[in-house]
Each structure stands twice: as C-alpha cells, then as structure tokens.
Amino acid sequence: MKLCVIGTGYVGLVGAPIFSEWGNEVVGVDIDQKKIDRINSGDMPIFEPGLEELVKKEMEKGTLTFTTDLEAGISDAEIIFICVGTPQYFDGSADLSAVWSVAENIGKLVKPGDPYRVIVTKSTVPVGTNERVEEIVRENAPEGYEFDVASNPEFLREGSSIKDMRNTDRTVVGSNSQRAHDKMAKLYSVLDAPLVQTDLRSSEMIKYASNTFLAMKITFINEMAQLCDRTGADVKMVAKGMGMDNRIGPKFLNASIGYGGGCFPKDVAALHKTSSDNSFEFKLLEATMAANEIQAQYFANKVLEVFGEDLSGLTFGALGLAFKGNTDDVRKSPAIKVIRKLRGYGASFKVYDPEALETGKADLGETSVEYVSSIEEAMSGTDSLLILTEWKQFGEIDPADIKKAIRTEHVFDGRNMLDPKEVEALGLRYYGVGRTH
Ligand code: UGA
C-alpha cells in the first residue's frame, strides 16, 4: 500500500520505517526542512535504539523517503497518517493546532477525482478530534471528494518503540466507516496481534485510558513506597508479590522518583481537562497528578534529611538526566526535578547520562552542574551518589566502586536499582524509594 506519514517525531519517525518494513511504500513528511535534511543524511533527530539502522535499511530498499513537500507526499497515498505533536496547552488541554493545520492543508491539496483515502490520526488526541478533522478536510476539499477518517492510537514507549510497534499487544482502530476499517485491517494484517475495531470516540478514549491507567499504577506503587518507608516493608517485595496476581500484573510497578516524559504528564492533564469540560470530577486523575508532583521532592527530601538544608560546598554525583532509560528525552524528567530542587539548597553536581547530556544541559544549564562522560567520573571525589534514571548500566555498578569514589557513606537510589544489602555490607548507607529495611 502507498502511505504518507505526516510528522517525524517519536511516532512518525518510527512508524514510517516499520510500515515500509511491512512491504508498503511510505513517504514521511515534515515541515521542518532541517529535520528532513538530517534524516535524509542518515542522522536521526532523536535517539531511539535501532532507529538509524532501520531508517537507513528501508531508505536503501527504496520504499521509504522523506520530504517537506506535503502535496507530493499525499498524492499517491491510500492512507495518510497524522503524527504531529499535541503538546500540553497552558490550561492542561492538548494543543491541537498542528493537527488542525495538517487537516486544512490535506483538504486544500487533494484534487477533484483523487482516489479514496483514509486520513488517520495517530497523534494522541482528545475525544471528538477526529470528527473535527473530518469537518476541516471537508470544508477545504473539493466538492464530493471521497475520504474517511480513522483513529489509530500508538502504544509505543520511547526507548523500545521499534520493538513495541513490531510486537504490539493489540492494534486499536476507530472509525465510523466500514470501508476505512477494511483498509486499516489490510495494513495491519501482517501482525499477529488482535485488532480492536471501535467507533472513533472509543478509540480516542482508549489511548487516554491506557496512559492514565499506567500513570496511576506507577503512582499507586510510589505512594505504597512512601508507606513502606514508614512501616519497614520493602516495596520491591510488595510489588513482586502483588504483580504475580494475573489480575494485577508485574509491569509498571517499579517505585521511582515519579513518572515524566512527553506523554503521561500531558495525557493525564488532558484527560482531566476533558473530564472537567464535561462537568465530571475524575478523582483518581486528580490524586495521580498531585501525588506525582511531589514524588521527586519526596526523594530529594531524603537527601536534605541526611545532609541538612544547607548543601553549599557539597557535590553530588548524579546518574541520569533522561525521564527514563534508553532515551535522550528530558521532557518533564523527574531526574532534573531532583537536581533542580537540591541545587536550590546550594548543592553542586557532577552529572552523567549515556544519551541525555546535551538535552539535559539545554534544560538545566551549567550553574553548579558539571557534565561528565562516564559513571566513574560522575562519582569520583563527590560527597554522595544519586541514581536518578533507570539506565540498565546504573544497576550494574559495583558498590565497592561507589565506596571508593564517594566521601561520605550515603547512597541515594531513586530507581531502586542497587541491592541494599550489598551496598550496606560495605558500610555504606542505602536510601531507596520504599526500601527502608
Ligand atoms: C508511554 C506509554 O508507556 C506508551 O504505551 C505510550 O504509547 C506513550 O507513553 C505515548 O503515549 O506515546 P513513554 O512515555 O515512552 O510511554 O514511557 P514509559 O516507559 O511509559 O515511562 C513513563 C514514565 O514512567 C518514565 O518516567 C518512567 O521512568 C516511569 N516509570 C515507568 C516508573 O516510574 N515506574 C515504572 O514501573 C514504569
């Protein structure tokens, strides 16, 4: 099939080469010329494991191209995917201006007599958006132009998005047209995963329901961790015991310094806004937002309890800037929240992140923060160590190396990656999240 993917962010830039891998001809379109030039030269604008190789392979095969020319991009496409950003607006709602603008441009660029197309939104958009997309295209397209709209939310995680898209648990397609459903079913017939076919609004809601539920699950275990800290239970053991119940499941039960990133915070806020716009008080969402807001501070407070409220003259080794492992994305990163909070009390930092040093520096600046290029450098000669992002390699640090590197005995593990017993056997003091044993 011939496809056009509009927007080359995390969703479009991963989706386009994978559709191509499935045997389709794909044109990726973005308005940002610099970004398209970068992609065409083989340099990916985001760090995503395996992406550069995959894009290169599909481009060499000749079934994947990138352009800024939307008219050329959509001209042959049977399915057009809208994958543009929907960032958080000041009132919590999703800013849909990019979606509206793409819909308007598609409407203006299609020609009388063009073949039938399905226009699909993959961006995370609130209930009702696709109906508006349909209206906008219709208002701008030539009289009688044949098309349908569909919603096809993406469930991929940054850092494992290629794997997630190839091995999705399910594909969700919402449309009010059987013709569109049939076309989408053909596209996804390469996957073994179940295809959930719904109406437009339910599909839009499934995406928000999934993300907010996961955010709530993390928040549950984070609050449970605070209770474990007060009662002497170990949250890791609690999560293990709970997670073995099939009805609960083991995933997304890692207590931490809070969830961050470009999705959960924005999507929880947007669904909350949808709720209040519909005169509904979604109490769990409110609690989730409020609890997540303070989780990073809760962890930072552990440092203040040990070192006092004047941290001037102290240097902390900080491991991690990204909002989670395997990405260079620092949007709403809880790691950065912790550093900012402690810097406010006078602390200095030596920071290492395998991929997010540049993005982290752009966010955090250089005041009292030195950016270094290895775990060893970050730890060496500091007063204490903080683990802030769940990069696998941080969990593999030999506690004996920490002992040699830091001046005091205090080790703060915001991702519960180290073994407290191993750490404390060396005479160090371990502070995790919910692991006061
Ligand atoms: C999330 C969803 O997991 C995807 O299914 C969805 O497609 C995506 O949003 C999106 O809407 O585009 P992502 O934001 O990439 O994916 O990251 P996650 O792996 O979900 O992690 C989110 C945050 O939760 C991170 O800060 C992570 O460190 C934290 N987390 C995750 C925990 O603190 N504990 C856990 O057990 C799991």
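Here, the structure is the one placed above.
Residues numbered from 1 in each chain as written. Predicted model: local features only at pLDDT ≥ 70, side-chain atom pairs only at ≥ 80, totals over all residues. Heavy atoms only, no water.

(A) The packing of aromatic side chains, seen in detail. By the definition in use, this model includes 14 aromatic pairs. A centroid spacing of 5.8 Å and a plane angle of 70 degrees characterise the contact between Trp 22 and Tyr 188, whose relative ring orientation is edge-to-face. With Trp 22 in the loop between α1 (10-21) and β2 (25-29) and Tyr 188 in the loop between α8 (178-187) and β8 (195-198), the pair connects residues that are 166 residues apart, well separated along the chain. Looking at Tyr 188, the relative accessible area reads 7%, which means it is buried. An aromatic cluster of at least three residues, connected via ring pairs, comprises Phe 307, Phe 316, Phe 349, Phe 412 and Tyr 431. The positively charged end of Arg 170 is found above the aromatic ring belonging to Phe 155, 3.6 Å away from the centroid. In this structure, Arg 179 is placed above the aromatic ring of Tyr 116, and the distance from its NZ or CZ to the ring centre is 3.6 Å. (Phe/Tyr/Trp six-rings, centres within 6.5 Å; stacked < 30°, edge-to-face > 60°. Helix = DSSP H or I, 4+ residues; strand = E, 2+ residues; numbered from the N terminus. Buried < 20%, exposed > 50% of the residue type's maximum accessible area, 1.4 Å probe, protein only. Lys NZ or Arg CZ within 6 Å of the ring centre and 35° of its normal.)

(B) Focus on the nonpolar core. By size, the foremost hydrophobic cluster in this structure holds 58 residues, and its most contacted members are Leu 342 and Phe 349. Setting aside its immediate chain neighbours within four residues, Leu 342 contacts Ala 300, Val 303, Leu 304, Leu 311, Ala 347, Phe 349 and Leu 386. (Core = buried A, V, L, I, M, F, W, Y, C linked by side-chain atoms within 4.5 Å. Contact = heavy atoms within 4.5 Å.)

(C) Region of the structure containing the site of the ligand. Around the ligand lies a shell of 21 residues, among which Leu 156, Glu 158, Lys 207, Ser 256 and Glu 390 are the nearest. In this structure, an oxygen atom belonging to the ligand sits 2.6 Å away from a side-chain N or O atom of Lys 207. The contact in question runs from an oxygen atom of the ligand to an N or O atom on the side chain of Ser 256, over 2.7 Å. Compared with its free state, where it exposes 710 Å², the ligand has 93% of that area covered by protein. Looking at the shell around the ligand, the elements that each hand over two or more residues are α9 (200-231) and α11 (264-277). If one sorts the elements of the shell around the ligand by residue count, α9 sits on top with 3 residues. Grouping the constituent residues of the shell around the ligand by class yields 9 nonpolar, 4 polar and 8 charged. (Near = heavy atom within 4 Å. Polar contact = N/O pair within 3.5 Å; in protein donor to acceptor, adjacent residues only side chain to side chain. Areas by Shrake-Rupley, 256 points an atom, 1.4 Å probe, with all protein chains shown as cover. Nonpolar A, V, L, I, M, F, W, Y, C, P; charged D, E, K, R; others polar.)

(D) Geometry of the pairing of strand β1 (residues 2-6). Burial of β1 is extensive: 4 of the 5 residues sit out of reach of the surface. Where β1 meets β2, 5 bridges bridge the pair, whose relative direction is parallel. Residue Val 5 lies in a different strand from β2, and its bridge partner there is Gly 28. In this fold, the crossover linking β1 to β2 by way of α1 has right-handed handedness. (Pairing = 2+ DSSP bridges. Right-handed = clockwise from strand over helix to strand, strands pointing away.)

(E) Molecular detail of the environment of Phe 307. Residue position: Phe 307 is located in helix α12 (residues 283-307). The class for Phe 307 is buried, based on a relative accessible area of 18%. Spatially, the C-alpha atoms of Phe 307 and His 410 are 9.5 Å apart, while their sequence positions differ by 103 residues. With residues near it in sequence (within four places) discarded, Phe 307 still touches Leu 314, Phe 316, Ser 384, Thr 408, His 410 and Phe 412.

(F) Spatial organisation of the sheet that holds strand β11 (residues 369-371). On the basis of which strands lie adjacent, the open sheet formed by 6 strands has the order β11-β10-β9-β12-β13-β14 and parallel pairing. Edge positions in the open sheet fall to β11 and β14 (429-431), since each of these has one partner strand only. Put simply, the sheet's adjacent strands are angled 20 degrees from each other on average, direction ignored. Bridge count between strand β9 (residues 315-319) and strand β10 (residues 348-352): 5 bridges; the pairing is parallel. Looking at the pairing, Gly 317 lines up with Lys 350 of β10. Most of the contacts of α12 go to strand β13 (residues 410-413), to which it runs at about 170 degrees, and overall it touches β9, β12 (384-387), β13 and β14. (Axes fitted to C-alpha atoms, helices over the stretch in contact; angles between N-to-C directions.)

(G) Inspection of the packing of α9 against α12 at higher detail. Here α9 crosses α12 at 45 degrees, and the two axes come no closer than 9 Å. It follows from the interaxial angle that α9 and α12 lie oblique. Our pair here, α9 against α12, has a crossing hand that is left-handed. In this structure, α9 uses Thr 212, Ala 215, Met 216, Thr 219, Asn 222, Glu 223, Gln 226, Asp 229 and Arg 230 to contact α12, whose residues at the interface are Leu 284, Leu 285, Thr 288, Ala 291, Asn 292, Gln 295, Tyr 298 and Lys 302. Considered class by class, the residues forming the contact of α9 with α12 number 6 nonpolar, 7 polar and 4 charged. (Parallel < 35°, antiparallel > 145°, perpendicular 65-115°, else oblique. Left-handed = near helix turned anticlockwise from the far one by under 90°.)

(H) The side chain of Lys 207, seen in detail. By the element assignment, Lys 207 lies in helix α9. Within the local environment of Lys 207, its side chain forms a polar contact with the backbone oxygen of Glu 154, the two atoms lying 2.6 Å apart.

(I) Main features of unusual backbone geometry. Positive phi, normally seen in glycine, also occurs at Phe 252, with a value near 60 degrees. The partly exposed category is assigned to Phe 252, whose relative accessible area is 26%.

(J) A look at empty space enclosed by the protein. What the rule picks out here adds up to 2 cavities of 30 Å³ or more. For the largest cavity, the calculated volume is near 80 Å³. If you go around the largest cavity, the residues you meet are Lys 122, Asn 152, Pro 153, Glu 154, Phe 155, Met 165, Thr 168, Arg 170, Thr 171, Val 172 and Tyr 188. Of the residues in the lining of the largest cavity, the class split is 5 nonpolar, 3 polar and 3 charged. The volume enclosed by the second largest cavity comes to roughly 40 Å³. For the second largest cavity, the full set of lining residues is Thr 121, Ser 123, Thr 124, Val 125, Ser 151, Pro 153, Ser 203, Glu 204 and Lys 207. Among the elements that take part in the lining of the second largest cavity, α9 stands out by supplying 3 residues, more than any other. (1 Å grid on protein atoms, 1.4 Å probe; cavity = no way out; pocket = protein on both sides within 12 Å on 5 of 7 lines; lining within 4 Å. Points joined across faces, edges and corners; volume = space filled by probe spheres on them.)

(K) Quick look at the side chain of Asp 383. As for its position among the elements, Asp 383 is in the loop between α15 (375-379) and β12. Setting aside residues up to four positions removed in sequence, Asp 383 forms contacts with Gly 313, Leu 314, Thr 315, Ile 406, Arg 407 and Thr 408.

Read these as layout, nothing more, since geometry by itself doesn't imply function.
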